[in-house]
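An overview of the molecular structure
Listed below are the residues making up each chain.
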Amino acid sequence: MPIEFDPKQQVFHLYTDGMSYVIGLIKDIYLAHYYWGARILTVHAASKWRFGQRPNTPTPEYPDLTLHLDTLPQEYPTHGRGDYRPPALGLTVLEDGVSALKLAYRGHCIERGKRPLSGLPAAFVTDEAQATTLTVELGDEAVGLSVELSYALFERFNLVARSAKIVNAGTRRLAVETAMSASVDLPHDAYDILHLWGAPLRERMVERQPLAPGTFRFGSTRGASSHYHNPFFALLRRDATEDTGDVYGFSLVYSGNFLAQTHVDHDLSVRAMIGIHPFQFRWILEPGETFQTPEALLAYSGEGLGGLSRMLHRFIRQHVMRHPFGVTERPILLNSWEAMYFSISEDRLLALAERAAEAGMELFVIDDGWFGERNDDTRALGDWTVNREKFPSGFAALAEAFRSKGLKLGLWIEPEMISPESALYREHPDWVLRTPYREPVRSRHQWVLDLSREEVVAHLMGVIDALLASAPIAYVKWDFNRYLTDVWSRALSAERQQEVAHRYMLGLYRLLAHVTERHPHVLIEGCAGGGGRFDLGMLQFMPQMWTSDNSDAASRIFIQYGTSICYPAIAMGAHVSSVPNHQIGRVTPLGFRAHVAMSGNLGYELDLTALNASERAAIREQVRLYQEIRPIVQFGDFYRLVDPFVTRDRASWMFVDEARREAVVFYFQILAEPNSPVRRLKLKGLDPQALYEAPELGFVMSGAEWMHAGFALPTLASDHQSLLIRLKQVP
Ligand code: GLA
């Protein structure tokens, strides 16, 4: 099995063809980190660490003066016995306030396959042979604590899925205050951190910066992973590039508050961790109770950032997105939102559907405004019954009318929310997430339902089941348009109030598990005011995400490029919208907008009935072209060629099918320059020996020539011009 335990050296070697992850026991007690990186064939544990006396440093195994926790690379460090770096686990014994812990090795087991995580999304296997799991049990006898660290190694990926289970195995009540999903101490070296930050309308901007001594942390305390920081980061050896060098990815399979943290210590080692944010988090464990952390994916690439992205993309499609959505083509959709906003009605949508069908689109999504008294965004969230004034025939008949045109029906919902002006609020005012002291804060005029409560979740299960049973609904856009405030639940005691944010997530995951099990064929697209919950927890249930509420193509180049660092194109909802763009007023050509949207999951979000015949013909052609290239975009390997965060005025990327027979290259000129230099584009990922023909350019070259010599780009004379170049192997 690809996880081996060497009892003599007390070492666990987890390996794939391309990676080794080596951990082991020091003095039979401490679980140390020895190595993570390119595959090594032998492990000599004693060569990895130097024991010796150090000034002013506590010695937890006295009279041994050579062992210090403050510098020892560890796998799940705690606080209180001489490690002053940030801990992975922090808890307090409630009866006496003790918080200094000593986690000692108790045993381990290695088994085929991978188990699901109780109540939480996690990477899964479809066949036991795909993964092997090591579970190491650590414990603190005096506290009555047991910790099970789980390492699931996926053999076809350089990836380990880690999580921790904290068990109160004693007789005293414990309060867990910090419980990271994973922590790794990488040895002394110079690393950069790359992370994805932003805001609504400009999500997942790429930032790479050197790590220096001290702590660097980012995260979310908003009750969702958020637009502002994504629960992902990569550590890059300072010399690593897009195409070369060692890169370590950390990605959390969770959608709530999170912390990503690195700490460079006085020896210049890096402690990197990711997990639930400890701010306002405290989980009480009664004797016998267990706390399960979310899962973190730790991935290694020796082929730069691009290699890491491609591995994560493939992994997410095969082992994160619920089956079979990672391996089936997604429909080209028309969404009513920017086309009509709240002014929707059966007649108007039928007219729009007529045009969508003519263009060859496959799914019609009725966005906000179809339910209750929802005529603007101030009311009716919670009242999920169709408004019969707007839709006199109801959805079953409408779905049939769409079906006769070749279109499936999709619907927008925002089930986690409640409007103060709604029948639901009049009936259940106590279901709102709020404190007893004052009216909760409104955001987009709305409040949040308390999903930590069983009856609220049960109500939503019933509502969604009824809605999906009322008509053949093939797709749901599941929105979440505000962050949590006034986090307090009347269902929990005072000392458990800091559990609410995580219990909210557990309630949401329970709801999503129910909906997806009951309605396995319904495609759910996630949305959170655009890309405010673009994370692996959501992607498990909702295999595509509305990437951003910013549908401007020039902005989208940056957003989609940043998103691609971790997430595959098939996860990104990308729509062609009208000009001037509704978010920032920019006017860009239809072809440019389409090329950007074709780089993800193509959709349209504009009033097709307002377009002229030639625009409609152009869209028909775009849809046809996307249908041809869709398998390559959605399942192919993604290569970034020109980085817009460096150039600011141009970008390029390409997709290559798995067999390397076909490729699609996109080039975007965001701003034109006068008398522009001859720019040469070099491709990636092709078979160097094979010949490839590019009909759009009219020439045939070997893969090696396309990649190493490249080709001169044609002149693009104005702003917002783009090229789509297809390559096909010549037999
Ligand atoms: C959010 C979404 C939009 C749209 C509106 C509807 O802003 O991000 O795409 O669905 O809600 O109110």
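The structure this text deals with has already been given above.
Every value quoted in this text rests on a predicted model; they were computed, and no experiment measured them.

**Here's the deal with the site of the ligand**
Within the structure, the ligand sits among 13 residues, and D367, D368, R444, K477 and D549 are positioned closest to it. Here an oxygen atom of the ligand sits 2.6 Å away from a polar atom, N or O, in the side chain of D367. Burial of the ligand by the protein chains amounts to 96% of its free accessible area of 300 Å². Each residue belonging to the shell around the ligand can be placed in one class, and the counts come to four nonpolar, three polar and six charged.

**Focus on the sheet that holds strand β36 (residues 699–702)**
Strand order in the open sheet formed by six strands is β31-β32-β33-β38-β35-β36, and the pairing between neighbours is antiparallel. Two strands lie at the open edges of the sheet, namely β31 (637–642) and β36, each paired on one side alone. The average angle at which neighbouring strand axes cross in this sheet is 20°, direction not considered. One ladder, built from five bridges, connects β31 with strand β32 (residues 650–656); its direction is antiparallel. In the sheet register, Y639 faces β32, and the bridge partner there is M654. Across the sheet, helix α10 (residues 590–598) touches β33 (662–669) and β38 (721–729), and the angle it forms with β38 is around 50°.

**A word on the state of the cysteines**
Under the counting rule described, the total for this entry stands at zero disulfides. We note that C527 lacks a disulfide partner, and the nearest cysteine sulfur, in C566, lies 19 Å from it. Of the residues examined, C527 reaches a relative accessible area of 4% and is grouped as buried. By relative accessible area, C566 is classed as buried at 0%.

**Some thoughts on the pattern of salt bridges**
Tallied over the full model, the rule gives 52 salt bridges. D64 is the salt-bridge partner of K27, the closest N and O atoms lying 2.9 Å from each other. Of the two residues, K27 is situated in the loop between β3 (19–26) and β4 (30–38) and D64 in the loop between β4 and β5 (89–93); the sequence distance between them amounts to 37 residues. Residue classification places K27 among the partly exposed positions, given a relative accessible area of 44%. For E61, the salt bridge is made with K102, and the minimal N-O distance between the two is 3.0 Å.

**Considerations on the side chain of D486**
If you trace the backbone, D486 turns up in the loop between β26 (473–478) and α7 (500–518). Among buried Asp, Glu, Lys and Arg side chains, D486 stands out as unpaired, with R482 the closest opposite charge at 5.2 Å. Separated by 2.7 Å, the side chains of D486 and T485 make a polar contact. Among all residues touching D486, those that are not within four sequence positions of it are L433, R434, T435, E439, P440 and V441.

**Side note on the packing of aromatic side chains**
Within this structure, the stated rule accounts for 41 aromatic pairs. Ring geometry for F5 against F12: centres 4.6 Å apart, planes inclined by 35°, an arrangement best described as tilted. Look at F5 and you get partly exposed, because its relative accessible area is 25%. Assessed through its relative accessible area of 0%, F12 is described here as buried. Where F638 meets F655, the ring centres are 5.1 Å apart and the plane angle is 55°; that geometry is what we call tilted. Residue F638 is found in strand β31, and its partner F655 is found in strand β32; the two are separated by 17 residues along the sequence. Like F655, F638 is buried. Ring pairs connect the aromatic residues Y21, W36, Y151, F216, F218, F233, Y248, F250, F258 and Y300, which therefore count as one cluster.

Rules used throughout
- Residues numbered from 1 in each chain as written.
- Predicted model: local features only at pLDDT ≥ 70, side-chain atom pairs only at ≥ 80, totals over all residues.
- Heavy atoms only, no water.
- Near = heavy atom within 4 Å.
- Polar contact = N/O pair within 3.5 Å; in protein donor to acceptor, adjacent residues only side chain to side chain.
- Areas by Shrake-Rupley, 256 points an atom, 1.4 Å probe, with all protein chains shown as cover.
- Nonpolar A, V, L, I, M, F, W, Y, C, P; charged D, E, K, R; others polar.
- Pairing = 2+ DSSP bridges.
- Helix = DSSP H or I, 4+ residues; strand = E, 2+ residues; numbered from the N terminus.
- Axes fitted to C-alpha atoms, helices over the stretch in contact; angles between N-to-C directions.
- Contact = heavy atoms within 4.5 Å.
- Disulfide = S-S within 2.5 Å.
- Buried < 20%, exposed > 50% of the residue type's maximum accessible area, 1.4 Å probe, protein only.
- Salt bridge = Lys/Arg side-chain N within 4 Å of Asp/Glu carboxyl O.
- Lys, Arg positive; Asp, Glu negative; His and termini not counted.
- Phe/Tyr/Trp six-rings, centres within 6.5 Å; stacked < 30°, edge-to-face > 60°.

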